[in-house]
2 protein chains.
Amino acid sequence: MNRGKKAITIYDIAEALGVSSATVSRALKNNKSIGAATTKAVQEMANRMGYHPNKMASSLRTKKTKTIGVIFSWINRPFISSVISGIEDIANQEGYNVIISQSNDFYKKEVSNAHTLLSSRVDGLIVSLAMETTQYDHFNTFLQNNIPVVFVDRICPDLDTDRIIIDNFDAGYTATKHLIDQGFRQIAHLEGAQNRLIFKERKEGYVAALRDHGIEINEDLILYSRLSYEEGWQSMEKLLRGKTIPKALFCSTDNAAIGALQCLKSKGLRVPHDVAIIGFNDDPTARIIDPPLTTISQPSVEMGRIAAQQVIKKRPYNESVKSETIILKTKLVIRGSSVIEDVRAFYP
Amino acid sequence: MNRGKKAITIYDIAEALGVSSATVSRALKNNKSIGAATTKAVQEMANRMGYHPNKMASSLRTKKTKTIGVIFSWINRPFISSVISGIEDIANQEGYNVIISQSNDFYKKEVSNAHTLLSSRVDGLIVSLAMETTQYDHFNTFLQNNIPVVFVDRICPDLDTDRIIIDNFDAGYTATKHLIDQGFRQIAHLEGAQNRLIFKERKEGYVAALRDHGIEINEDLILYSRLSYEEGWQSMEKLLRGKTIPKALFCSTDNAAIGALQCLKSKGLRVPHDVAIIGFNDDPTARIIDPPLTTISQPSVEMGRIAAQQVIKKRPYNESVKSETIILKTKLVIRGSSVIEDVRAFYP
DNA sequence: TTGTATGCGTTATCAC
DNA sequence: GTGATAACGCATACAA
């Protein structure tokens, strides 16, 4: 089988059956104007001949591609790959394809990805912004052409589009309050890039919780980084060298929290007895580390599903609803890293 | 901006410039038969008008979609999402789109995904088989139509296609030998579905290593499961209730290994002193758990990159090379879970 | 209930 | 160098 046989078209089926291509086209879509017998004959023949409809041709004609474009920073991160899994789930159910691209947190790559997806004439776009991005022109063409854009997690405050998010302020507040409730008052925070709303709001929640409980904000206890494992470790070292060593720590990612935790362990300090820790995301590592990490869990797969549903079910803009912001619930998962009486359960 | 303006075409540019659409088409592709001045004018106008080429039309005409289809079991797993990240990386570099679908380890979904991707007329296919799959007809159409199919990790032994794999036998052998070298002789194994080659070969490596060192195979020490965290835990419990309690354990996934490890810890047993453990994959959890898990690491991102390169660069079948099997190196990452003199480093 | 004819936006084959 | 035109495979308005 050396030469590629060329793909079967509706014309081939039509010829084999002695009917017109129009009839075949209709019969394949179960158009009721076609007789039951013909319809059956066409579909059987299509099967027998190994027909696979050409999506390009159909899309060109109907101007619908049944394709969702996706742009995320990195797809190999627990939270993000779960969101994508959710997107793919619904898309598949609804007969949509998903084209995935990653920005690697670069503005330029995000723009280029957006252009590519525009050329692919996606029917909708799901985006979580790159760390760098502060300009949003590359999404305008989508909006102008009435292609629904849904932001997930790292949203765009300036654009009036659908958004699927969690209440990051509330989550930050809850996490910090939990530490306060355990009796801690010197509470540090590892913050992320403040031009991304999620990190800004988590920090604001932290600050508000302290304020509400009469605890003064100590800027020395707030450290900025990109919140990787390594940076979590380094930040902890910096904190340990500081004037006031915190008794507790709220981190805006699990990675940073776990880095900090390992740093403490490496120096013979105990968690939570010397420093209590809370992370953010509930990555698989969180329940595995010893002590297991208290953290904020987000419904990642669900976020993806909802995002896909929004894109697919989206009403046209000229109806009453212009854009929707859907806020999902988070959960404070309390584990050993923040609670002194260590009732730690190994089993999930 | 309520009504969607319809997308710009080469005709719009042609009209604006008073040239023909053919000239525009050529100029946009930097065809040298077009004068430098015209070319420049066209490209500038295209930019100014916000032109984005319609991929559907172009694909229909050229019969090339510049799209790679991908089928994996689940995309939210560390190893797999890294492979995909690698694929996307190269694809992006080469101007290809990536359409992702997951089989959820179901045969039926894999077949349906394959059909969808066929309809999308992907220029190539990258697959890692579902757990269930034992029939491979759904890939034949691709091969007959000369669409390159590359299997990654979970390959198809019956189909003559490109493959990107690791030497699972060697890895299983190396892992087991490492345990033997530490002085262990009662070594158990948690195996996966034997109809997937990767698990079969890992087990065969384990068996061979034991044989080569004069250790008898004890079938009671070989337990089958789907190798999840929970199943790893349960398998460990079963082993602990057995006649001969193993001194060491080689698991075909990190998840199972970590489940087993946590089970031991929950019962007050110590790793590696009571039971030494080795996993497989080097998931992020492996270096985080206490003690850190000795495991086999695979170059996951690299596997993805190579798979994408194979798909894109693929020579036509009528040249001399028909198919290639690329075997990548694995590495035994030795950590605290398998070595008694616990020189454990917390820092990566 | 079915057939005919046209166009979707590109590219490629001719011709000039 | 550039222009006219056909063709890719499908869906649909209009006829019959």
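It should be emphasised that the depicted structure is a prediction, and the values quoted were computed from it without experimental measurement. (Residues numbered from 1 in each chain as written. Chains lettered and ligands numbered in written order. Predicted model: local features only at pLDDT ≥ 70, side-chain atom pairs only at ≥ 80, totals over all residues. Heavy atoms only, no water.)

Enquirer: Residues and numbers for the sheet that holds strand β6 (residues 187-191) of chain A, please.
Expert: Whether parallel or antiparallel, the strands of a sheet pair through hydrogen bonds between backbone atoms. Residues and elements named next belong to chain A. Taken together, six strands build an open sheet; the order of strands is β7-β6-β8-β9-β10-β12 and the sheet is mixed. The outermost strands of the open sheet, each flanked by one partner alone, are β7 (222-224) and β12 (331-333). Sheet twist, expressed as the average angle between the axes of neighbouring strands with direction ignored, equals 20°. Direction of pairing for β6 relative to strand β8 (residues 248-251): parallel, over a ladder of four bridges. The residue bridging histidine 189 from the neighbouring strand is phenylalanine 250, located in β8. Relative to strand β9 (residues 276-281), helix α11 (residues 254-266) is tilted by about 155°, and along the sheet it contacts β6, β8, β9 and β10 (294-297). (Pairing = 2+ DSSP bridges. Helix = DSSP H or I, 4+ residues; strand = E, 2+ residues; numbered from the N terminus. Axes fitted to C-alpha atoms, helices over the stretch in contact; angles between N-to-C directions. Contact = heavy atoms within 4.5 Å.)

Enquirer: Before we move on, could you go through the relation of the copies chain B and chain A and cite the residues and values that matter?
Expert: Mapping chain B onto chain A calls for a rotation angle of 180° and an axial translation of 0.0 Å; the resulting RMSD is 0.1 Å. Put plainly, the chains are arranged around a two-fold axis. In this assembly, 100% of the residues forming the interface of chain B have copies in chain A that are likewise at the interface, indicating an isologous arrangement. (Least-squares fit on C-alpha atoms with pLDDT ≥ 70 in both.)

Enquirer: An account of the nonpolar core is needed here, citing residue identities and associated values.
Expert: Nonpolar side chains in soluble globular proteins tend to be buried together. Judged by nonpolar contacts, the single largest core of 95 residues is most densely connected at Ile126(A), Ile164(A), Ile126(B) and Ile164(B). In this structure, Ile126(A) is in contact with Ile68(A), Gly69(A), Val70(A), Ile71(A), Phe72(A), Ile87(A), Val150(A), Val152(A), Ala307(A), Ala308(A) and Val311(A), ignoring residues within four places of it in sequence. Tyr136(A), Leu143(A), Leu125(B) and Tyr136(B) belong to the second largest nonpolar core, which has 40 residues in total. (Core = buried A, V, L, I, M, F, W, Y, C linked by side-chain atoms within 4.5 Å. Buried < 20%, exposed > 50% of the residue type's maximum accessible area, 1.4 Å probe, protein only.)

Enquirer: If you had to explain the domain arrangement of chain A to someone new, which residues and values would you point to?
Expert: All names here are of chain A. We note that the domain assignment places domain 1 (10-53), domain 2 (65-166 + 300-328) and domain 3 (168-299 + 331-347) within chain A. Between the C-alpha centres of domain 2 and domain 3 there is a distance of 30 Å. Summed over both sides, the interface between domain 2 and domain 3 buries roughly 1300 Å², with carbon and sulfur atoms accounting for 60% of that surface. Of all residues in domain 2, Phe79, Met131 and Ile166 bury the most surface against domain 3, accounting for 45% of the area lost on that side. Where domain 2 packs against domain 3, one counts ten residue pairs in polar contact (both at pLDDT 80 or more). Mapped onto the side of domain 2 that touches domain 3, the elements with two or more residues apiece are α5 (78-93) and α13 (300-313). The element contributing the most residues to the side of domain 2 that touches domain 3 is α13, with four residues. Counted by class, the side of domain 2 that touches domain 3 contains twelve nonpolar, three polar and four charged residues. (Domains from an automatic or database assignment. Buried area = accessible area lost by both parts, 1.4 Å probe. Polar contact = N/O pair within 3.5 Å; in protein donor to acceptor, adjacent residues only side chain to side chain. Nonpolar A, V, L, I, M, F, W, Y, C, P; charged D, E, K, R; others polar.)

Enquirer: Could you give me a rundown of the interface of chain B and chain A, with the residues and numbers involved?
Expert: Each side of the interface is counted separately: chain B has 62 residues, and chain A has 62 residues. In total, about 5700 Å² of surface goes out of reach between chain B and chain A, with carbon and sulfur atoms giving 55% of it. Remark: the boundary between chain B and chain A carries two salt bridges. A salt bridge links Asp290(B) to Lys265(A); the nearest nitrogen and oxygen atoms lie 3.9 Å apart. In this assembly, chain B and chain A are joined by 16 residue pairs in polar contact (both at pLDDT 80 or more). Sorting the residues of the side of chain B that touches chain A by element identifies α4 (55-62), α5 (78-93), β2 (97-102), α6 (107-119), α10 (229-241), α11 (254-266) and α12 (284-288) of chain B as the ones contributing at least two each. (Salt bridge = Lys/Arg side-chain N within 4 Å of Asp/Glu carboxyl O.)

Enquirer: I'd love a proper account of the protein's contact with DNA strand C, names of residues and values included.
Expert: Close to DNA strand C lie 25 residues, the nearest being Thr23(A), Arg26(A), Gly35(A), Arg61(A) and Arg61(B). Sugar and phosphate atoms form 62% of the subset of DNA strand C atoms that lie within 4 Å of the protein. Gly35(A) is positioned with one of its backbone polar atoms (N or O) 2.7 Å from a phosphate oxygen of DNA strand C. Interatomic distance of 2.7 Å between a side-chain N/O atom of Thr38(A) and a phosphate oxygen of DNA strand C. Only α2 (21-28) and α4 (55-62) of chain A together with α1 (10-17), α2 (21-28) and α4 of chain B provide two or more residues apiece to the surface near DNA strand C. (Near = heavy atom within 4 Å.)

Enquirer: Outline α4(B), listing residues and values.
Expert: Listed as buried for α4(B) are Lys55(B), Met56(B) and Ser59(B). In an axial view of α4(B), the angular spread of the buried residues amounts to 100°, which keeps them on one side of the axis. On its buried face, α4(B) sits against α4 and α6 (107-119) of chain A together with β1 (67-72) and β2 of chain B. Where α4(B) starts, the residue carrying a side-chain oxygen 2.8 Å from the main-chain nitrogen of Met56(B) turns out to be Asn54(B). Remark: Lys63(B) follows α4(B) within two positions and exhibits a positive phi of approximately 65°. (Arc of directions from axis to C-beta.)

Enquirer: An account of the environment of Gly86(A) is needed here, citing residue identities and associated values.
Expert: Residues and elements named next belong to chain A. As for its placement among the helices and strands, glycine 86 is situated in helix α5. Remark: the alpha-carbon pair of glycine 86 and serine 300, spanning 214 residues in sequence, is separated by 7.7 Å. Non-local contacts of glycine 86, meaning those with residues more than four positions away in its chain, are made with Val301, Gly304 and Arg305.

Enquirer: Describe the packing of α5(A) against α13(A), with residues and values.
Expert: Two quantities define a packed helix pair, namely the angle between the axes and the distance from one axis to the other. Residue and element names in this part refer to chain A. Look at α5 against α13: their axes get within 6 Å of each other, and the N-to-C directions meet at 40°. Relative to α13, α5 is oriented oblique. Handedness of the crossing formed by α5 with α13: right-handed. In contact with Phe79, Ser82, Val83, Gly86, Ile87, Asp89, Ile90, Ala91 and Gln93 of α5, α13 contributes Ser300, Val301, Met303, Gly304, Arg305, Ala308, Gln309 and Ile312. When grouped by side-chain class, the residues that make up the contact of α5 with α13 number nine nonpolar, six polar and two charged. (Parallel < 35°, antiparallel > 145°, perpendicular 65-115°, else oblique. Left-handed = near helix turned anticlockwise from the far one by under 90°.)

Enquirer: Which residues make up the pairing of strand β5 (residues 162-166) of chain A, and what values go with them?
Expert: Residue and element names in this part refer to chain A. Of all five residues in β5, five are buried, a share of seventy percent or more. Bridge analysis of β5 against strand β11 (residues 325-328) gives four bridges, and the strand direction is parallel. By the bridge assignment, arginine 163 is partnered in β11 with threonine 325.

Enquirer: Before we move on, could you go through the protein's contact with DNA strand D and cite the residues and values that matter?
Expert: Close contacts around DNA strand D come from 26 residues, with Tyr51(A), Arg61(A), Thr23(B), Arg26(B) and Gly35(B) the closest. When the atoms of DNA strand D within 4 Å of the protein are grouped by moiety, sugar and phosphate amount to 62% of the total. With respect to DNA strand D, the backbone of Gly35(B) contributes an N or O atom lying 2.8 Å from a phosphate oxygen. Note that a phosphate oxygen of DNA strand D is positioned 3.0 Å from one of the side-chain N or O atoms of Thr38(B). Here the surface near DNA strand D gets four residues from one element, more than from any other, and that element is α4(A). Across the surface near DNA strand D, the residue classes tally to ten nonpolar, ten polar and six charged.

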